Amino acid sequence: MAMQKNLLRLYPNSCDNILIKGLYLAHQLHKLGDAESPFVYANFLSSLDGRIAVEDAVQGGTHIPKHITTASDFALFMELHAQADCIITHGGYMRALGEGRLGNILQVKDKDLIEWRSNNGLKPQPAVVIASASLNFPIHDSIQEHAQTVHIATGRHADPERIRYWQDLGYNLMFTGEDKMVHGAPLIRQLSALGFKTIYLVAGPQMLDTVIREKQLSRLYLSMTHQLIGGKDFRTLLAGAMLGPEGNLRLETLYYEQDSPAGTGQFFMQFGLNRTA
Ligand SMILES: NC(=O)c1ccc[n+]([C@@H]2O[C@H](COP(=O)([O-])OP(=O)(O)OC[C@H]3O[C@@H](n4cnc5c(N)ncnc54)[C@H](OP(=O)(O)O)[C@@H]3O)[C@@H](O)[C@H]2O)c1
């Protein structure tokens, strides 16, 4: 069982025999943000050649290649999820979920993690923020089934008909940009005003770009498998124009898991960023 495996800590202070289970829960992220400055974090899985997704020859678009995924990485992803009072996803994910192209990661499902939330004063499930310029996506039934609050973030110049559509259904629309797009600083400012303190960005390169460019990310978790996977059409961590100093990160921890994925290994890294409050 992957969750019983041990890790080697390489930085800081090298040390072996560190249990994977509980590794990220111990970070106590829910205590790091406050009313003025929420703690905003993201997690990505990448190959050694920087691919986070490759073209999907069957369904079109891109997908995370299965052979870079591991049980331990997914378990750590869920430990991060469990500490959030709010997750940020997007219209593209809601469409993929609705069409059954991707699995559902909108809720914390593991019993121990749900209990951990309850013991730590968090609601059973995080609120869901859906960022979208198109405003064209379905709401997945599981959100209502788990009584999760939904906020939809978009730009002031999104399609007025689509804005009305969601408002007529009673959803809270947050206007967080002057064009059709969401911008990182107003997004996090408005989420903070709603009382969210621990905000987990569960999205791809465009949304990571949106928050990093405007210096809104507090921490980046990155799992990097020691695989070169190639592929001509691929996605990497960021979309958009070149970054300046806002792209400078500081390594905070580095762990090594051997023989996972099988026949290779992976690093679990944690980087700090300077967030603008
Ligand atoms: N390996 C990993 O860790 C990892 C993590 C995440 C994603 N991925 C993969 O990477 C690929 C691309 O990621 P993705 O498509 O999920 O994510 P993305 O590039 O962050 O976002 C795409 C969608 O998000 C909405 N969006 C993004 N930025 C926005 C902004 N500033 N304002 C308003 N809406 C915005 C748009 O929705 P609308 O079209 O509704 O406007 C857009 O279609 C996928 O294959 C995914 O599976 C890999």
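Values in this document were obtained by computation on a predicted structure and should not be read as measured data.

Caption draft 1: The arrangement of the overall build of the protein in detail. The number of helices and strands found in the protein is seven helices and 14 strands. Rg of the C-alpha trace for the protein: 18 Å, near the compact-globule value of 19 Å for 277 residues, within the 12% margin. Projected onto its principal axes, the C-alpha coordinates of the protein cover approximately 55 × 45 × 40 Å. Buried positions account for 49% of the 277 residues belonging to the protein.

Caption draft 2: The packing of aromatic side chains, seen in detail. The tally for this structure, following the rule as stated, stands at nine aromatic pairs. A ring pair is formed by Phe 77 and Tyr 200, whose centres lie 5.7 Å apart and whose planes are at 50°; its orientation type is tilted. One end of the pair, Phe 77, is in helix 1 (residues 71-82); the other, Tyr 200, is in strand 10 (residues 198-201), and 123 residues separate them in sequence. Owing to a relative accessible area of 0%, Tyr 200 belongs among the buried residues under this scheme. Seen in terms of ring centroids, Tyr 165 and Trp 166 are 5.0 Å apart; in terms of plane orientation they differ by 80°. Their pairing is edge-to-face. Taking the relative accessible area as the measure of exposure, Tyr 165 reaches 39% and is therefore partly exposed. Taken together through their ring pairs, the aromatic side chains of Phe 39, Tyr 41, Phe 74, Phe 77 and Tyr 200 make up a single cluster. The residue whose ring lies beneath Arg 51 is Phe 234, and the NZ or CZ to ring-centre distance is 3.6 Å.

Caption draft 3: Quick peek at a nonpolar patch on the surface. A contiguous nonpolar patch, built from Leu 8, Leu 10, Tyr 11 and Leu 251 and spanning about 310 Å² of accessible area, is present on the exposed surface. Mapped onto the secondary structure, Leu 251 falls in strand 13 (residues 250-258). A residue is classified by how much of its surface remains accessible, and Leu 251, at 34% relative accessible area, is partly exposed.

Caption draft 4: Quick peek at helix 1. The end-to-end C-alpha distance of helix 1, which contains 12 residues, comes to 16 Å, matching closely the 16 Å that a straight helix rising 1.5 Å per residue would cover. Of all 12 residues in helix 1, 10 are buried; the element is thus mostly enclosed. Of all the positions in helix 1, only Ser 72, Asp 73, Ala 75, Leu 76, Phe 77, Met 78, Glu 79, Leu 80, His 81 and Ala 82 are classed as buried.

Caption draft 5: Up close: the sheet that holds strand 5 (residues 62-63). Strand order in this open sheet of three strands is 5-4-12, and the pairing throughout is antiparallel. Strands at the two margins of the open sheet, each flanked by one partner only, are strand 5 and strand 12 (234-235). Taken together, the two bridges between strand 4 (residues 53-55) and strand 12 define a ladder with antiparallel strand orientation. Note that in strand 12 the partner of Ala 53 across the bridge is Arg 235.

Definitions and cut-offs
Residues numbered from 1 in each chain as written. Predicted model: local features only at pLDDT ≥ 70, side-chain atom pairs only at ≥ 80, totals over all residues. Heavy atoms only, no water. Helix = DSSP H or I, 4+ residues; strand = E, 2+ residues; numbered from the N terminus. Rg over C-alpha atoms; globule rule 2.2 N^0.38 Å. Buried < 20%, exposed > 50% of the residue type's maximum accessible area, 1.4 Å probe, protein only. Phe/Tyr/Trp six-rings, centres within 6.5 Å; stacked < 30°, edge-to-face > 60°. Lys NZ or Arg CZ within 6 Å of the ring centre and 35° of its normal. Patch = residues over 30% accessible without salt bridge, like charges linked within 9 Å, V, L, I, M, F, W, Y side chains within 5 Å. Areas by Shrake-Rupley, 256 points an atom, 1.4 Å probe, with all protein chains shown as cover. Salt bridge = Lys/Arg side-chain N within 4 Å of Asp/Glu carboxyl O. Expected span 1.5 Å × (residues − 1). Pairing = 2+ DSSP bridges.

By themselves, these figures tell us nothing about what the structure is for.
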